[in-house]
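Analysis of the macromolecular model
The lines below spell out each chain.
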Amino acid sequence: DVWEYSVHYCPNCYAMYSKLQRKDWRHHKNETCSTPGCDERRFECRKTNAGESVYPRKYFIYFGVEKAILSSYAEGQFPAVRAMPNARAKDDIWNGELVKRMNAHEHLGGELLQEEDVIAADGSPAKLRKCGLLDVGFDGAQIWNHKQYSMGFLVMRYWDVPFEIRGKAAFTMLLGLYPEDVKQGKMQDIFMAPFVEEMLKLGTEGMWVYDSYLQKRYESKWFLGTVSADTPARNTIGKFSGVSGYRADYRSLFEGAKFSNINSEGTYFTGYVSPVKQRMFFGDRTVLAYDASLILNHAKSLDLARRVQDGVVINGTLQKLPANVAGRHGIPPLASLSYFDLHFGYLLPWIHAGPWGILKNFWKHLLRDYTGQAPALVISKAGRKQMSERAKYLVLTSDMGRPYTDIVKYKGTWVMENWLHWAETFSPVIVHDILQQECPEALEAWMNLRKAFLHYLCSHGWYDHMNADEKEKACCDAKVSIREYARFVEEKLGIQYCTINLRLLAVHSYDQEIQTGPIKHTLEFWVERAIQRYKKWVKDRVVNNPDIFLGQGYLLECALNVASAGERDVQKMFPRAGRVAHEDTMMDDDGQYIHLVGPGKYVKVEETFVDKLHVLQEFLRGIGRNDIAAGLQMASRPVSVHVFQRAQIELEVFHSKEYHRTTTRCSHHVCYQLKDDAPSTKRFGRVVRYYKMDAFLGTSLSSTVRFCEMDSFEVTTTPADKALGYDTVSTSSPGTKFVSLDAFRRKVIFFEPPACSDRNEARVLQCWTKGRV
């Protein structure tokens, strides 16, 4: 019953009532608030045909972290991926200064990073980690499109799983639902209270879990590492000033200003070109936006909050710092967790501030309406017509989410994911050459902004071959690029574009990477995805209490997870049609890293590789599989081959030309790299089919190899192509190659408009993120 998880509070003085089971509500229906001077009733009585019903007047729902963790362990997938050796990668939050500082805190005593080498139930090597780290997200959402009803969601995810999948539905859990606006009155002081109380308990006493993957029962402790939220939600949890305040930058003492020479009453943050006056803390001294003396830390942030809430004694008089000067309204609830960093613990809202903020503003400026001749830094109508014509030739991969729609006509309907894919993938072939001709200054600024975006949001696997110094240089280059863009904005676009979003990203992104690792692993987009998932449970249903309806759905999901962990499989309770078994088909294993997907069909070696046998043997020798290559030369041919249409590599599914279930999407173009290639080498091909080859030498299975047959294209990228942000390949006469699956790097898009097709050429677009955000 969802009502058992409801937390009741007084709407007048915002005091929480003691916990009551629902069966006892009727006996306390006349209870009033215990605060002196407040006689607000706790319950309201409703008369129905069935009799009198008692309900709380004001409440929110809190399910709890422990329930979420137990449900995740019961589901089965979570303990398996959490025990993976790479679940805590070095190039991740686990190697950042924030986690190191938490681990050294007296409350944790080094327990957070402790891990033990063990063997899993299936015999594979694994890690036993008894302490875990959580990322909590908060945001509000409108439940229905046709009715104004919004609700707050408190969700969480685990830092202890690989970054590629930690934002997926299986690893995000619902913690709380808030039918009332948590910004009103003193609601900010109580809506996080149950969560803080539980985190204090989980960090000291811990909880018992059963790990089905390791087949162990052990005591596990959990700690709060970070908070993911957009700016309004972060301000609610952290009690920071709103975006219109002079002190909207929660990470520094910099104060914004209002400007009379622009048509806006908003607050803007300059200082990228020349120093600006700072009155509140620096007595009219002028400083640049990046002045180190402005930057706060955990201790300074907590001190400002205390001076607002408790005040300090100066010359025998208690004086409180005004909230609009301190940039916060008091001590936040999470300050009770002594190990939580009140400065870096609130992650930068890069997705909201970047694609949804400064990126959208830039392109709306370039594509704004005009009459007569196109003004400076605006794309002409002829250029826009070219952009629209090119849109229809984009064929996306199967996992890129929303399809591309013309930015000229439909940019008003774009969401964050559209803007991210525009910066990452589409813009080089749609608009770069047009900008080069019409607005070279805007192209240079866009290249700076795009370079920063690619580093912070899309650089999956780019830096694997780099040492620490090279990675540091890449971080510094990204910092310089986004600050060059900020300078361009203040000088050329106008002060109205110097928003708090631009300041947060230009000033604090570099420090964020030092503290929590690559920003691409700490994005807040998972919160949006989780809320959208829960909203779908309601859709257009007519329900009196959508929060109760959502809560019942979440409890049902948890119950199914727990039930499926028992000896009886829940899925087997439902009748299913039997599947016809064929002797010539097989299923590959379900390995975590590389395996073939779907049913494989048996084929004969001499028929399948009739003209390519020598190429196949050369490939097998090249990857060290001389035993299978030798088996192909034997008269008995002790080799079994099965053909597949799909493969899963590093948690990502690739298709082949023979896979026809998706007609409007194409996932068989890949970027790959052979064993002896330099780290910067990029090869491109089109997968024809996948093979699993088993060699039977003697009485037992000797070895297995998984590989693909590929049409390999010649790379013809010119310096001009590279400057515009894409590679080119020749599509005429591709060569046939056999390629090992571990050579795959990522999917790519082949862009082939008529101008390219006539030259037998394709422009290659990278698509690094694919929803990983």
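Residues numbered from 1 in each chain as written. Predicted model: local features only at pLDDT ≥ 70, side-chain atom pairs only at ≥ 80, totals over all residues. Heavy atoms only, no water.

1. A look at the overall build of the protein
The secondary structure content of the protein amounts to 23 helices and 27 strands. For the protein, the C-alpha radius of gyration of 29 Å lies close to 28 Å, the compact-globule estimate for 773 residues. Along the first, second and third principal axes, the C-alpha set of the protein runs to 95 × 70 × 55 Å. By residue count, 54% of the 773 residues in the protein fall in the buried class. For the protein, contacts bridging at least 24 residues in sequence account for 65% of all contacts bridging at least 6. (Helix = DSSP H or I, 4+ residues; strand = E, 2+ residues; numbered from the N terminus. Rg over C-alpha atoms; globule rule 2.2 N^0.38 Å. Buried < 20%, exposed > 50% of the residue type's maximum accessible area, 1.4 Å probe, protein only. Contact = heavy atoms within 4.5 Å.)

2. Describing unusual backbone geometry
Not every positive phi belongs to a glycine, and Gln215 is a case in point at roughly 55°. In this model, Asp284 sits at a positive phi of 70°, which is unusual for a non-glycine residue. Within the secondary structure layout, Asp284 lies in the loop between β12 (276–278) and β13 (285–287).

3. What about the side chain of Ser72?
Inspection of the secondary structure puts Ser72 in helix α1 (residues 65–75). If we skip the residues at most four places from it in the chain, Ser72 touches Phe78, Pro79, Tyr158 and Met173.

4. Things to note about the sheet that holds strand β20 (residues 646–649)
Pairing is antiparallel in the open sheet, where three strands are placed in the order β17-β20-β21. Edge positions in the open sheet fall to β17 (594–597) and β21 (652–655), since each of these has one partner strand only. Direction aside, neighbouring strands of the sheet carry axes that sit 25° apart on average. Examined bridge by bridge, β17 and β20 share four bridges and lie antiparallel to one another. The partner of Ile594 across the bridge, within β20, is Ile649. (Pairing = 2+ DSSP bridges. Axes fitted to C-alpha atoms, helices over the stretch in contact; angles between N-to-C directions.)

5. Examining the pattern of salt bridges
Within this structure, the stated rule accounts for 34 salt bridges. For the salt bridge of Arg683 with Asp677, the shortest nitrogen-to-oxygen distance reads 2.7 Å. The network of salt bridges with shared partners includes Glu115, Asp117, Lys127 and Arg129. (Salt bridge = Lys/Arg side-chain N within 4 Å of Asp/Glu carboxyl O.)

6. A short note on the pairing of strand β9 (residues 172–178)
A large share of β9 lies buried, amounting to seven of its seven residues. Here six bridges tie strand β8 (residues 150–158) to β9, and the two strands are oriented antiparallel to one another. Across the sheet, the residue bridging to Phe153 is Leu177, located in β9.

7. Some details on the sheet that holds β9
Paired through their backbone hydrogen bonds, the strands of a sheet run either parallel or antiparallel. Here we have seven strands laid out as an open sheet, ordered β1-β4-β9-β8-β7-β11-β10, and mixed in their pairing. Two strands in the sheet have a free side with no partner beyond their single neighbour: β1 (6–8) and β10 (207–211). The average undirected angle you get between the axes of adjacent strands in this sheet is 35°. Each of β4 (59–62), β7 (131–142), β8, β9, β10 and β11 (216–228) is contacted by α1, which is oriented at about 15° to β10, the strand it contacts most. Set on the sheet, helix α5 (residues 193–204) makes contact with β1, β4, β7, β8, β9, β10 and β11; between it and β11 the angle comes to about 135°.

8. Quick notes on the packing of aromatic side chains
Within the structure shown, the criterion is met by 45 aromatic pairs. Where Phe254 meets Phe269, the ring centres are 6.3 Å apart and the plane angle is 40°; that geometry is what we call tilted. In this pair, Phe254 is assigned in the loop between α6 (231–238) and β12 and Phe269 in the loop between α6 and β12, connecting sequence segments 15 residues apart. Of the two residues examined, Phe254 and Phe269, each falls in the buried class. On the basis of an interplanar angle of 90° and a centroid distance of 5.5 Å, the ring pair of Phe362 and Trp363 is categorised as edge-to-face. (Phe/Tyr/Trp six-rings, centres within 6.5 Å; stacked < 30°, edge-to-face > 60°.)

9. Thoughts on the nonpolar core
By size, the foremost hydrophobic cluster in this structure holds 185 residues, and its most contacted members are Phe195, Leu334, Trp363 and Trp422. Tallying contributions element by element places helix α14 (residues 440–458) first for this core, with eleven residues. Other than its neighbours up to four places away in sequence, Leu334 contacts Met192, Phe195, Val196, Leu224, Val227, Ile237, Phe340, Leu342 and Tyr346. Formed by 18 residues, the second largest nonpolar core is a distinct cluster that contains Phe609, Tyr691, Met693 and Phe738. (Core = buried A, V, L, I, M, F, W, Y, C linked by side-chain atoms within 4.5 Å.)

10. So, the confidence of the model for the protein
Confidence along the protein averages 88 in pLDDT terms, with 94% of residues attaining 70 or more. pLDDT under 50 marks residues 567–583. Its contacts with residues more than four places away, or in other chains, come to seven contacts. (pLDDT = per-residue confidence, 0-100.)

11. Observations concerning the side chain of Ser656
Among the structural elements, Ser656 can be located in the loop between β21 and β22 (669–672). Judged by its relative accessible area of 0%, Ser656 falls in the buried class. A distance of 2.9 Å separates the side chain of Ser656 from the backbone oxygen of Gln645, its partner in a polar contact. (Polar contact = N/O pair within 3.5 Å; in protein donor to acceptor, adjacent residues only side chain to side chain.)

12. Section: the environment of Leu449
If you trace the backbone, Leu449 turns up in helix α14. Separated by 188 residues in the primary sequence, Leu449 and Asn261 place their C-alpha atoms 26 Å from one another.

13. Structural notes on the packing of α1 against helix α18 (residues 546–564)
The interhelical angle for the contact between α1 and α18, taken along N-to-C directions, is 45°, at an axis separation of 7 Å. The angle between the axes of α1 and α18 places the two elements in the oblique class. Like other packed secondary-structure pairs, α1 and α18 cross with a definite hand, here left-handed. Contacts between α1 and α18 pair Lys67, Ala68, Ser71, Ala74 and Glu75 from the former with Tyr554, Leu555, Cys558, Asn561, Val562 and Ser564 from the latter. Of the residues belonging to the contact of α1 with α18, the class tally is six nonpolar, three polar and two charged. (Parallel < 35°, antiparallel > 145°, perpendicular 65-115°, else oblique. Left-handed = near helix turned anticlockwise from the far one by under 90°. Nonpolar A, V, L, I, M, F, W, Y, C, P; charged D, E, K, R; others polar.)

14. Side note on helix α15 (residues 468–493)
Residues three or four positions apart in an α-helix share a direction because the helix packs 3.6 residues into each turn. With 26 residues, α15 extends 36 Å from end C-alpha to end C-alpha; this agrees with the ideal 38 Å at 1.5 Å per step. Of the residues making up α15, those classed as buried are Ala474, Cys475, Ala478, Ser481, Ile482, Tyr485, Ala486, Phe488, Val489, Glu490 and Leu493. Looking at the buried positions of α15, the neighbouring elements they touch are α9 (350–366), α14 and α16 (500–516). Looking at the residues trailing α15, positive phi occurs at Gly494, about 125°. (Expected span 1.5 Å × (residues − 1).)

15. A look at α9
Lys360 marks the point of greatest bend in α9, at about 35°. Most of α9 sits inside the fold, with 14 of its 17 residues counted as buried. (Bend = angle between axes of the 7 residues up to and from the residue.)

16. Things to note about the environment of Gly271
By secondary structure assignment, the location of Gly271 is in the loop between α6 and β12. Sequence separation between Gly271 and Val670 is 399 residues; the distance between their C-alpha atoms is 44 Å. Setting aside anything within four residues of it in sequence, one finds Gly271 in contact with Val276, Leu288, Ala289 and Glu490.

17. Quick word on the environment of Glu40
Structurally, Glu40 is set in the loop between β1 and β2 (43–48). We classify Glu40 as buried; its relative accessible area is 14%. Taking the C-alpha atoms as reference points, Glu40 and Ser730, 690 residues apart in sequence, are found 76 Å from one another. Engagement of the side chain of Glu40 in a polar contact is seen with the side chain of Arg57, the distance being 3.0 Å.

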